Amino acid sequence: MNGPTDPVERHSALWQVPEGDVSRWVIWHAAEGEDIVFDREFNIPADVEDAALAEVLHRMREAGVPESDDYPGRPC
């Protein structure tokens, strides 16, 4: 089975409505001008290609994915 080849569509799970009360994905403002997609389930930044990042963040914001200036993960 082949997955989507479009670099943006490959990340479509990032902007889907969460099943529970807490979103798995967060847009983390890690540093001035640096937005990172953070995976709360695995407690790591998500691997989003630089070429697709702007559009992925745009779609996540449109879907209402939470954003945070504070570290969104659990302590290591």
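Below: a short report on this structure. Residue numbers here run from 1 along each chain, matching the order of that chain's written sequence. Side-chain atom pairs in this predicted model are given and counted only at pLDDT of 80 or more, local residue features only at pLDDT of at least 70, and totals for whole chains, interfaces and linings cover all residues. Here the side-chain values reflect all heavy atoms present in the structure, with hydrogen atoms and water set aside.

1. Considering the pairing of strand 2 (residues 34-39)
Next up, step 1: As paired elements, strand 1 (residues 25-31) and strand 2 share 6 bridges and run antiparallel to each other. Note on strand 2: the bridge partner recorded for A31 is E34.
Next up, step 2: At least two bridges found by DSSP between two strands is the condition for calling them paired. The way it works is that DSSP assigns letters per residue, a run of H or I at least four long becomes a helix, a run of E at least two long becomes a strand, and they are numbered from the N terminus. What sits between strand 1 and strand 2 in their antiparallel hairpin is a turn of 2 residues, with G33 showing a positive phi close to 80°.
Next up, step 3: Looking at chain direction, strand 2 and strand 3 (residues 44-45) are connected through 2 bridges and run antiparallel. Residue F38 lies in a different strand from strand 3, and its bridge partner there is P45.
Next up, step 4: Hairpin remark: strand 2 followed by strand 3, antiparallel, with 4 residues in the connecting loop; positive phi at N43, about 60°.

Taken by themselves, the reported measurements are silent on function.
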